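Architecture at a glance
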Amino acid sequence: MGRDWIDDRAASMARDLDRGNGERVADQLREDASRMNQRDFMNLVHQTQRYERNGVGDDLVITPVPGYNGGGKEISVRVRETDRHGRPVVVNESVARLEPPPPPASGRYPQEQQGVDPGSVLLGTAIGIGLTTILRNNHDRHRR
C-alpha cells in the first residue's frame, strides 16, 4: 500500500469520525485490518488519529493490551450516541486487537537459528574420519 493511499484514506476517515460516522469508520477499519499487513494498518490508524480532532464527533482510540509491554494494541472507535431519554452515551466499537508474535519458549531456539546443523556435523565427522583412515593407509604403504 502506498503512502498516498494511506494518507488519503486516513484523511477521509478522520472527516467521517469528526462528523459522527464512527460506526462506518469502524467497519472500514475492520475490513482494512483483514486485508492489510499489520505495519500498513498501524500507519493508517496513526495517520487517522493525527488528522481527526479528539473530542469532536467520534474518536479513534488505541489502547495498550496488558501483558505485552506495550507491544499489543487494541484499536477501537469511541462512538457518541444518545439513549432513549436523550442522554449522551459512549459506546466503544472494537475494531482490531494486534498482538506481537510470541517470544521463543524459555530461551530455546531452533537449531538453524543457532547456526548448528546436526546433519552437517555428522557428515563433517564422517569425512574427517574417512580422510584420516586413507592418509594412515597411504602413510603405512610408503613405509614398507
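All figures in this text were calculated on a predicted structure; none of them were measured in a lab.

1. Things to note about the packing of helix H2 (residues 22-35) against helix H3 (residues 38-51)
The N-to-C vectors of H2 and H3 enclose an angle of 155°; their axes lie 8 Å apart at closest approach. Comparing their axes, H3 and H2 come out roughly antiparallel. The chirality of how H2 crosses H3 is right-handed. Counted together, Leu29, Asp32 and Ala33 of H2 and Phe41, Leu44 and Val45 of H3 form the full contact between these two elements.

2. Description of the environment of Ile6
Among the structural elements, Ile6 can be located in helix H1 (residues 3-18). Spatially, the C-alpha atom of Ile6 lies 7.5 Å from that of Asn43, the residues being 37 residues apart in sequence.

3. Remarks on the confidence of the model for the protein chain
Residues shown with low pLDDT carry predicted positions that ought not to be read at fine detail. Looking at the protein chain as a whole, the pLDDT averages 78, with 65% of positions reaching at least 70. Counted against residues more than four places away or in other chains, residues 111-121, with its pLDDT under 50, gives three contacts.

4. Considerations on the sheet that holds strand S1 (residues 59-64)
Ordered by their spatial adjacency, three strands build an open sheet running S1-S2-S3, and the pairing between neighbours is antiparallel. Looking at strand neighbours, the two that pair on one side only are S1 and strand S3 (88-98), the edges of this open sheet. If you compare each strand with its neighbour and ignore which way they point, the axes differ by 30° on average. Both strand S2 (residues 73-82) and S3 contribute to a ladder of ten bridges, which runs antiparallel. In the strand pairing of S3, Ser76 is matched with Ser94. On top of the sheet, H2 reaches S1, S2 and S3; it is set at about 5° to S3, its chief contact. The sheet contacts of H3 involve S1, S2 and S3, and relative to S1 the element is tilted by about 125°.

Calculation notes
- Residues numbered from 1 in each chain as written.
- Predicted model: local features only at pLDDT ≥ 70, side-chain atom pairs only at ≥ 80, totals over all residues.
- Heavy atoms only, no water.
- Axes fitted to C-alpha atoms, helices over the stretch in contact; angles between N-to-C directions.
- Helix = DSSP H or I, 4+ residues; strand = E, 2+ residues; numbered from the N terminus.
- Parallel < 35°, antiparallel > 145°, perpendicular 65-115°, else oblique.
- Left-handed = near helix turned anticlockwise from the far one by under 90°.
- Contact = heavy atoms within 4.5 Å.
- pLDDT = per-residue confidence, 0-100.
- Pairing = 2+ DSSP bridges.

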